[in-house]
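# Structural characterization, general
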Amino acid sequence: VHEVPELWKEVIRNDPQNGKAHARYAMSLIANNRKEEAIRAFDEALETLDDNTFVKRYYAPVLAQDPDEIDRAMDFYEDCIDVAPTDHQLLWEYAQTLGRAGREFEVPETLRTILGSNPDPNLAANAQAWLLEIEEPKRVEAVKEASQKAEAGDYEGALRDLKPLKQWLGDYWKMWILIASAHNQLEQYEEAEAAARRTLEIFPAMEAGYVELNNALGGQGKHEEAFQIMQIAFHNMNSSLPVAISYAAAARNAGHDEESKRITGQIREAIIAAAGGEWTKQEDG
């Protein structure tokens with residue numbers, strides 16, 4: 001990694017008006033914990049480039065982390081949005097920056113722009129959730145209160161409180177995952193399956209949705225179906241520990257013992273690596 005900045009610097013020397021190279025050079029400095037140099041590189045690029053839009057695109061999220069620079073970050077985001085008005089990730093970052101700047105009243109318009117331009121469904125799920133949290137605060141607060149009941153073990157009370165909210169918060173994935181979890185805890189597996197599937201319809205990459213769906217299918221004895229679903233989920237999200245654990249369990253329950261052992265071994269290796277190679281007999285057990 002420490003060699004990368006000089007490589008980008010060489011690109012800039014050969015092509016001084018290469019905006020992408022200037023931006024990548026500055027970001028490579030940040031990756032090397034040389035933030036002050038990166039800031040100078042960004043500022044120099046802004047002054048020397050004929051077209052500095054690409055530099056602003058990379059510089060804006062860096063500035064957005066500094067409360068003293070947040071207005072400048074928003075200016076840069078707005079300049080970039082003028083050039084790419086339907087860049088979903090750009091719009092999402094801009095909305096988050098507006099929120100940090102205390103300008104949440106401006107966020108809904110940006111979220112609606114995202115939702116109205118065919119975004120990735122996972123981004124759409126979070127944009128829709130945030131929009132509901134702004135526009136339906138009382139109902140969202142009721143979901144939070146139901147969550148507190150569930151955490152205290154009152155799953156029936158939580159479900160009772162959530163039932164009337166379904167017609168108002170039908171696209172709020174945070175409500176559906178709570179419903180799925182509560183039904184699973186009460187061993188109401190068909191209802192849990194429906195709620196988990198609804199969660200994943202809204203938010204396909206929601207890890208907990210797959211966990212709850214696996215539990216619901218397993219509770220109904222649909223072990224092979226659970227295995228097939230979790231196999232796909234693991235293929236798409238193989239860095240997710242909750243998904244990996246659920247996949248290993250689904251494989252075991254469906255009688256795919258070798259696959260279960262293989263995934264369990266991978267989980268173990270990942271945990272050992274994360275722990276720096278230290279592993280005790282108690283942890284092994």
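Residues numbered from 1 in each chain as written. Predicted model: local features only at pLDDT ≥ 70, side-chain atom pairs only at ≥ 80, totals over all residues. Heavy atoms only, no water.

## Here's the deal with the side chain of K56
Keep this limit in mind: Here a strand is any run of E in DSSP of at least two residues, a helix any run of H or I of at least four, and the numbering for each starts at the N terminus. The classification of residues rests on relative accessible area computed with a 1.4 Å probe and restricted to protein chains. Under 20% of the type maximum is buried, over 50% is exposed, and intermediate values are partly exposed. Contacts are assigned to residue pairs with any non-hydrogen atoms lying within 4.5 Å of each other.
With respect to the helices and strands, the residue K56 is situated in helix α4 (residues 53-63). Among the residues examined, K56 registers a relative accessible area of 15% and is labelled buried. Residues contacting K56, with those up to four places away along its chain left out, are L46, F76, D79 and C80.

## A look at the layout of surface pockets
The test is simple: Here a cavity denotes a set of grid points, spaced 1 Å apart and computed over the protein atoms alone, in which a 1.4 Å probe fits but from which it cannot get out, and a pocket denotes an open set meeting protein on both sides within 12 Å along at least five of seven lines; residues with an atom within 4 Å of a point are reported as lining. Grid points are joined across faces, edges and corners, and a volume is the space filled by probe spheres set on the points. Residue classes follow a fixed rule: Ala, Val, Leu, Ile, Met, Phe, Trp, Tyr, Cys and Pro count as nonpolar, while Asp, Glu, Lys and Arg count as charged, and any other residue, Gly among them, counts as polar.
Taken as a whole, the largest pocket encloses approximately 160 Å³ of empty space. If you trace the largest pocket, you find it lined by K9, I12, H22, Y25, L29, E37, R40, A41, E44, A45 and T48. When contributions to the lining of the largest pocket are tallied by element, the ones reaching two or more residues are α1 (4-14), α2 (19-31) and α3 (35-48). Looking at which element gives the most residues to the lining of the largest pocket, the answer is α3, with six residues. Partitioned by chemical class, the residues of the lining of the largest pocket number five nonpolar, two polar and four charged.

## Describing the nonpolar core
Selection criterion: The term nonpolar core refers to a set of buried residues drawn from Ala, Val, Leu, Ile, Met, Phe, Trp, Tyr and Cys, joined through side-chain atoms within 4.5 Å.
Ranked by size, the top nonpolar core spans 45 residues in total, and within it V143, L162, Y172, W173 and M175 carry the most contacts. The element best represented in this core is helix α11 (residues 173-185), accounting for eight residues.

## Let's talk about the environment of A250
Note that A250 resides in helix α15 (residues 241-253). Here the alpha-carbon distance between A250 and N214, two residues 36 residues apart in the chain, equals 7.0 Å. In contact with A250, not counting residues within four places along its chain, are N214, H223, A226, F227 and M230.

## Looking at the packing of aromatic side chains
Selection rule: Aromatic pairs are defined between Phe, Tyr and Trp rings, using the six-membered ring for Trp, whenever the two ring centres lie within 6.5 Å; interplanar angles under 30 degrees are classed as stacked, those over 60 as edge-to-face, and all others as tilted.
A complete count under the given rule lists eight aromatic pairs for this structure. Ring centres of F42 and Y59 lie 4.3 Å apart, and the angle between their planes is 10°; on these two criteria the pair is classed as stacked. Of the two residues, F42 is situated in helix α3 and Y59 in helix α4; the sequence distance between them amounts to 17 residues. The same class applies to F42 and to Y59, which are both buried. Judged by centre distance (5.6 Å) and plane angle (85°), the ring pair of W92 and W130 falls under edge-to-face. Taken together, the residues span a long stretch of sequence, with W92 in helix α6 (residues 88-100) and W130 in helix α8 (residues 121-135) at a distance of 38 residues.

Take it as geometry only, folks, not as evidence of what the structure does.
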